[in-house]
Structures are given as C-alpha cells and as structure tokens.
Amino acid sequence: MLRNGQLARARYISSSIPRVKQLRKRCYASTVEPLPTKMTTLGNKLRVATEATPGHFSAVGVYIDAGSRYEAPQFSGVSHILDRMAFKGTQNRSSALMSTEIDSLGGQMFASSSRETIMYQSSHFHHGTPLAVSILADTILNPLFLAEELETQREAARYEVRELNSKPETMLPEALHFMAYQGNTLGNPALCPDERIDLIDGDMLRAWTREWFRPERIVIAGAGMPHEELVELAEKHFGHLKSPAALSPSLYSTIASNASQSRVILPQFLQNAHPRPSLYKSLATAASSILSPSLSPYSDASFDALSSAKAHYSGGSLHVPAAGLDFEHAYVAFEGVSIRDADIYPMAVIQMLLGGGGSFSSGGPGKGMYTRLYTHVLNHYHTIDHCASFHHIYADTSLLGLFASFTPDESMRKVLAILAHQLSLLLYEKVPAVELGRAKKQLQSSLAMSMESRSVEVEDLGRQILVHGRKVGALEMAQKVDAVTAEDLQRVAHKLFGENAKPPTVIGMGAQDIDIWPEVFKTYGVGPSI
C-alpha cells in the first residue's frame, strides 16, 4: 500500500509524462506497378519501344535480328568484322568527325555481334538523344567501309581472335557450340576464322547488311526519353529503309567465288594448331565425319532459307589434345528449351541451384557459396579449381550444362563422374524446399539487380521485343520463377537429361581422353543409353 505522500508523488510523475497520440496504422503498397513500356511500329515495320525510367542519363540502342547463325559459309565471319567496323567513316561523317561527336555526348557508344543479334547502343545525357540516334543510323545505314579502315580492323580482329582462342574459358564454349550444332546455324563460329579475315571486303559487308538489315528485323529501344521523341527520330533516320529485292545473282556468285571455300568453317583454335599437329588432326578427323558435303545444310543459302532455318542439335564428343596445361577441362551439355518455352523458368532455377564458380571466389552468402557445385564439389575436391553450371539461351534452343577445370593429376573419369552425379541428383531426388526457395530468390534478385543498369535495361528491352514482340517485365518474370515447384525441376531435368533426352555434348581438353563418358553417364543414369 502506498502512503498518501507517495501516492501524490506517483500521480505527479504520471501526469508529467507526455501522452502519445494514437497513430493510424501505416498502409504499405502490396504491389509494385511496373514501368510502362510503349511500342510503335513504323510504316516499314521497324519497331520502336521505350520505357519511362527516371535518371540523369538516357540510353538508346538498335537491335538487329542478324548474327553468325545466319551466315552462309561464303559469308562466314561477316558479323564479327561488321561490329569492328562500327563508328568509322560514313557518307556523312569522316572517322575523325565521328569520334569527335561521340566524345561530345559525354557517354559511351559501342557495337557488338553475337550468334543471333547485332546491336549498336549509346548511353548519354538526355539532351544528346537526337545526336546519338543520328550517329547510330549513320554507322548502320551509310558506312563507307574504306580499305584503310578495313585493313586496320583486320589486324585488330586477328589479335582479338588469337587472344580469345588462347584461353580455354573462351575457346571451349566455341567448340561446344560447334559439336552441339554440327555444321548449322548456332554451330557457326562467332568469331571470324583467320583464313577468312582477308577475304571479307567492303562489297561483302554491304551485300550482307543489305540482305539482313531489313526494317522488320530491327528494333530501336530507348530508356529515359519521351516515347514520341524516339519515334520521331526513328522515322527521320530509319523511316526510308525498305526490305531489299533478292540479292543480285552476279554479286552472290562473285562473293562465293572470292570466298572459294563454301564450307562450314572449323573453330579458329582448331585451325591454328600447327604447333600441335595432334590437335589439328583430332579436329580434322571429327570434322570430316560430321560435315560431309552431302549433309551440308547450306544447299540453299537464300535469305528465306537461312532466316527460317531451325537450329538442329545433334550432340557429340570432342577431345582437344593439349599437353603441359596447368589445368585440364571438361564440358558437359544437353539441349535445353528455347527462350519462348514456359520451361525456361524451371531450367533457369536448375542452373541457379547448381551455381558454382572458382575455388577462391565463393565470397559470402548471396554470392553462390551455398549452391550445389560449391557445397558438393568445390568444398570436397581440392584438385578441382573451377566448377560451374552454364546455360546459353537462344530463340529456338538452348544449352544447359556443367564444366570443370582440374589439375592434371586428377582422373578425367572421376571428374566426369562428379558432374554426372550432380545431374543424377536432380533426376532421382526431390530438391528440398529450403534449397529450392534459396535458388528462386537468387534468380529473382539477379534479374532485378541487373535492371539497375540503364544500358542493360535498354538492351533487355530491345532483345525482348525482337524475340517475344513484347516486354516481359521483371515482376512477371519474378512471379513465374516463384511458381516453380520441386516437381517442375524434376520433370524438366528428365526432359533435358533423362533417358529419353537427346545425347549430350561432351568436350575435353588436356592430356586425358574423354572416351569413357558413355560408361560413366550410364552408371549414373544420366542421358540416353549410347
């Protein structure tokens, strides 16, 4: 019991404490409204798409449905040389003026070619958009392809090819495509073969761009500018572009005659193998058995035939003999689904679940150290320096697989068994809920964080319009990833590398051969019986 004095004191203290008003409960947004995407099709069927994203910079790009998959043998390497000839002399600008105007934008411009797309892109301050579009249009539609500039870029291309083909991490994916799509479309070399660099001249570049740079195959994408402004600029600089008539037979014959070797070109690193005769012999033997003239997919090299040609996956194996390497290498891939297939999302989750990387690059949580190829492989086998999953996704197919780099004293059989075991776990064991949830969150965050880059955002927009005809937003992708179940992963795993799947593509580089792979895969129940 409080005495009278204590009670009075307690009441005084209580009355001196300020009363907190009852606050209303704050309401948070339950959904995020996606940024609006606008698209306009010009009279010549060229498409213009924009996103109204805030920021201090704008980005604009021209994306063309063209690339090495569309190259007939007599045009092999054109895409690579073409991207090197970007932003050189044109009918309206000298090379020096081109460089001066690009520098005045205060941003960056670049061009690049891949198997399915050639892109020209600019990032700049908002007020620079008209000049940027003018420069992009000029270098795409009005190049001069001057002899002296071509010669300079030929030397640069030779150096680039030598550098890339001296590194297994860039060389072996080329060999993988070469074997997976033997002699067709995606099996074409992405880089210009050395023997063809001097054969590619201005006439050949003009003939190929005239054939493939058609308005219906072009998307102009932008971010950070009003849609109407970009449409007006596109109409001004590209509105006159028309689809060409058929390529002149005389010009086509001249190009074929100059090329003189209308055949499927071998991967560059396998051509320049004179210091290692066994390497050249290995490829020559493989190539002669798979690329016979009677099976050539290029009997009809017309635009209509090449533009509609589907990638034909065949799979196969190739050993690239190489002594004295610090590490030997093994690649295993299966055909996956196309980017348009609904199973692209379970396949992407599988790739994220496998993860992997280098033995010294695990970093911390969120950087892959809890993916299976870290926890199951790199943390247990010190002889394996690098082990990771990969996927190459295209309009009508894809490749999903694993690769490992390991010390020469490790057995190739053992490494192939380790890779096969990781695939078998996906076939015959259900992925735990915690692991599945982690992989899905990593994939979602990867998609979201990549869009923070303005240049990546506009490239994604342009490529999606080319492939889908619309923008598949990050929110829609995240929802589809979230809907993926453990049953989906197991179903897609059986579809890709189960007993009814197509045969794998297996590439090995080093002193040890890979001819034991069918026995190893059969042991683990991976892939069809060979």
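What you see is a predicted model; the values in this text were computed from it and never measured.

1. Some words on the overall build of the protein
Stage number 1. A tally of helices and strands in the protein yields 21 helices and twelve strands.
Stage number 2. Once local pairs closer than 6 in sequence are excluded, the contacts in the protein between residues at least 24 apart make up 81%.
Stage number 3. Per element, the accessible surface of the protein, about 25000 Å² overall, is 55% carbon and sulfur.

2. Re the packing of helix α14 (residues 344–354) against helix α17 (residues 433–450)
Stage number 1. Direction vectors running N to C along α14 and α17 enclose 105°, while the axes themselves pass 9 Å from each other. In terms of orientation, α14 and α17 fall into the roughly perpendicular class. Between α14, through A348, V349, M352 and L353, and α17, the contact on the second element is made entirely by E435, L436, A439, K440, Q442, L443 and S446.
Stage number 2. Grouping the amino acids of the contact of α14 with α17 by side-chain chemistry returns seven nonpolar, two polar and two charged.

3. Quick notes on α14
Because an α-helix packs 3.6 residues into every turn, residues spaced three or four apart end up facing the same way.
Stage number 1. Of all the eleven residues making up α14, eleven are buried; the element is thus mostly covered by neighbouring parts of the structure.
Stage number 2. Every buried residue of α14 is accounted for by I344, Y345, P346, M347, A348, V349, I350, Q351, M352, L353 and L354.
Stage number 3. One or two positions beyond α14, positive phi appears at G355, with a value near 60°.

4. Points about helix α6 (residues 168–180)
Stage number 1. In this model, α6 (13 residues) spans 17 Å end to end at C-alpha, consistent with the 18 Å of a helix rising 1.5 Å per residue.
Stage number 2. With respect to burial, α6 is a largely interior element, eleven of its 13 residues being buried.
Stage number 3. The complete set of buried residues in α6 reads P168, M171, L172, P173, E174, A175, L176, H177, F178, M179 and A180.

5. Quick look at the pattern of salt bridges
Stage number 1. Tallied over the full model, the rule gives 28 salt bridges.
Stage number 2. Among the ionic pairs, R154 bridges to E151, the shortest N-O distance being 3.1 Å. Here E151 and R154 lie together in helix α5 (residues 147–165), a separation of three residues that amounts to about one turn.
Stage number 3. Counted as one network, the salt bridges with shared partners bring together D341, D343, D488, R491 and K495.

6. Some remarks on the packing of aromatic side chains
Stage number 1. Under the criterion given, the structure shown has 13 aromatic pairs.
Stage number 2. Ring geometry for W517 versus F521: centroids 5.6 Å apart, planes at 75°, classification edge-to-face. On the criterion of helical spacing, the pair formed by W517 and F521 is a turn pair, its members being four residues apart in helix α21 (residues 517–524). Judged on exposure class, the residue W517 and its partner F521 are both buried.
Stage number 3. Each member of the aromatic cluster is reached from another via a ring pair, and the members are Y70, W208, W212, F213 and F303.
Stage number 4. Lying over the aromatic face of F303, R214 brings its terminal NZ or CZ to 3.6 Å of the ring centre.
Stage number 5. One residue, R217, lies across the ring of Y70, its end atom 5.1 Å from the ring centre.

7. A look at the sheet that holds strand β11 (residues 398–406)
Stage number 1. The strand order across the open sheet formed by six strands is β7-β12-β8-β11-β10-β9, and the pairing between neighbours is mixed. Every other strand in the sheet has two partners, leaving β7 (316–321) and β9 (356–358) as the edge strands with one partner each. Each strand axis lies, on average, 20° off the axis of its neighbour in the sheet, ignoring direction.
Stage number 2. Pairing geometry for β7 and strand β12 (residues 505–510), over six bridges, is parallel. Considered in β12, the bridge of V320 is made with M509.
Stage number 3. The strands that α14 touches are β8 (328–336), β9, β10 (384–393) and β11; relative to β10, the one it contacts most, it runs at about 170°.

8. Describing the nonpolar core
Stage number 1. L416 and F497 are the most contacted members of the largest nonpolar core, which has 54 residues in total.
Stage number 2. With ten residues, helix α16 (residues 412–428) is the largest single contributor of residues to this core.
Stage number 3. Grouped together as the second largest cluster of nonpolar side chains are 53 residues, V60, A72, I118 and A157 included.

9. Examining the packing of helix α3 (residues 95–104) against helix α4 (residues 129–141)
Stage number 1. The N-to-C vectors of α3 and α4 enclose an angle of 150°; their axes lie 10 Å apart at closest approach. One element, α3, and the other, α4, form an angle in the roughly antiparallel class. The interaxial crossing formed by α3 with α4 has left-handed handedness. On α4, the residues that touch M98, E101, I102 and S104 of α3 are L131, I135 and T139.
Stage number 2. Broken down by class, the residue content of the contact of α3 with α4 amounts to four nonpolar, two polar and one charged.

10. Some details on the pairing of strand β4 (residues 108–113)
Two faces, one strand: in a regular strand the side chains alternate between the faces of the sheet.
Stage number 1. For β4 and strand β5 (residues 118–125), the ladder comprises six bridges, and the chain directions are antiparallel. Bridge pairing in β5 places A111 opposite Y120.

11. As for the environment of K441
Stage number 1. Relative to the assigned elements, K441 resides in helix α17.
Stage number 2. With 92 residues separating them in the primary sequence, K441 and V349 have C-alpha atoms 9.5 Å apart.

12. Let's talk about unusual backbone geometry
With glycine set apart, most residues show a phi of negative sign, and most peptide bonds adopt trans.
Stage number 1. A positive phi angle, near 60°, is found at F87, a position not held by glycine.
Stage number 2. Along the chain, F87 turns up in the loop between α2 (78–84) and α3.

13. Section: the sheet that holds strand β1 (residues 37–41)
Stage number 1. Read across the open sheet, the six strands follow the order β1-β2-β6-β3-β5-β4; overall the sheet is mixed. The sheet is open, and its two edges are formed by β1 and β4, each paired on a single side. Looking at each pair of strands side by side, their axes are set apart by 15° on average, direction ignored.
Stage number 2. In terms of strand pairing, strand β3 (residues 57–64) meets strand β6 (residues 218–223) through six bridges, oriented antiparallel. The residue bridging A59 from the neighbouring strand is A223, located in β6.

14. Observations concerning the side chain of S79
Stage number 1. Here S79 lies in helix α2.
Stage number 2. Within polar-contact distance, the side chain of S79 engages the side chain of E71 at 2.6 Å.
Stage number 3. Residues contacting S79, with those up to four places away along its chain left out, are G67, S68, E71, S113, I118 and W208.

What counts, and where the lines are drawn
Residues numbered from 1 in each chain as written. Predicted model: local features only at pLDDT ≥ 70, side-chain atom pairs only at ≥ 80, totals over all residues. Heavy atoms only, no water. Helix = DSSP H or I, 4+ residues; strand = E, 2+ residues; numbered from the N terminus. Contact = heavy atoms within 4.5 Å. Areas by Shrake-Rupley, 256 points an atom, 1.4 Å probe, with all protein chains shown as cover. Axes fitted to C-alpha atoms, helices over the stretch in contact; angles between N-to-C directions. Parallel < 35°, antiparallel > 145°, perpendicular 65-115°, else oblique. Nonpolar A, V, L, I, M, F, W, Y, C, P; charged D, E, K, R; others polar. Buried < 20%, exposed > 50% of the residue type's maximum accessible area, 1.4 Å probe, protein only. Expected span 1.5 Å × (residues − 1). Salt bridge = Lys/Arg side-chain N within 4 Å of Asp/Glu carboxyl O. Phe/Tyr/Trp six-rings, centres within 6.5 Å; stacked < 30°, edge-to-face > 60°. Lys NZ or Arg CZ within 6 Å of the ring centre and 35° of its normal. Pairing = 2+ DSSP bridges. Core = buried A, V, L, I, M, F, W, Y, C linked by side-chain atoms within 4.5 Å. Left-handed = near helix turned anticlockwise from the far one by under 90°. Polar contact = N/O pair within 3.5 Å; in protein donor to acceptor, adjacent residues only side chain to side chain.

None of this, on its own, says anything about what the molecule does.
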